[in-house]
Amino acid sequence: MEEREFNAAVARLIREARTRAGVTQEYVGRRAGLSRGSITNIESGTQTPPLYRLALIAEAVNVEPSDLLPRLQLDEAAGLAARHAADVAAVWAQASARRDARGEG
């Protein structure tokens, strides 16, 4: 998966999670410290949220941050820029630790 596809998938997952949660872009923006316009841009794929904001968006729509990331095969992360691959790996590790702590792993 290329970076553009990855970002488009993140945008789709955020939009779907927000819709399922039944909340507005304005609500998510307020909870994440972003404007409604930024949430619109994120959901359309023209803006990518930093990890901290992604975590706040996840909280606003009541999902885990990892639920807002598309599934990659480990070797696919190698195709990402180093800083993105490291970010993805960090989120995966945190999600795995949370699942283990809840006895889901």
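Before reading on, note that the structure itself is shown above.
So, a few notes on the structure that sits alongside this text.

Right, let's talk about the environment of Arg31 for a bit. By the element assignment, Arg31 lies in helix α2 (residues 25-32). Given the relative accessible area of 37%, Arg31 is considered partly exposed. Along the primary structure Arg31 and Leu56 are separated by 25 residues, whereas in three dimensions their C-alpha atoms are 6.7 Å apart. At 2.5 Å, the side chain of Arg31 forms a polar contact with the side chain of Tyr27. Polar side-chain contacts of Arg31 include one of 3.4 Å to the side chain of Glu59.

In this section: the packing of α2 against helix α4 (residues 51-60). Between α2 and α4, the shortest axis-to-axis distance is 8 Å and the interhelical angle comes to 130 degrees. Judged on the interaxial angle alone, α4 and α2 are oblique. You can see that α2 and α4 cross each other, and the crossing is right-handed. The segment α2 lies against α4, with Tyr27, Val28, Arg31 and Ala32 engaging Arg53, Leu56, Ile57, Glu59 and Ala60.

The rules behind these values
Residues numbered from 1 in each chain as written. Predicted model: local features only at pLDDT ≥ 70, side-chain atom pairs only at ≥ 80, totals over all residues. Heavy atoms only, no water. Helix = DSSP H or I, 4+ residues; strand = E, 2+ residues; numbered from the N terminus. Buried < 20%, exposed > 50% of the residue type's maximum accessible area, 1.4 Å probe, protein only. Polar contact = N/O pair within 3.5 Å; in protein donor to acceptor, adjacent residues only side chain to side chain. Axes fitted to C-alpha atoms, helices over the stretch in contact; angles between N-to-C directions. Parallel < 35°, antiparallel > 145°, perpendicular 65-115°, else oblique. Left-handed = near helix turned anticlockwise from the far one by under 90°. Contact = heavy atoms within 4.5 Å.

By themselves these figures say nothing about function.
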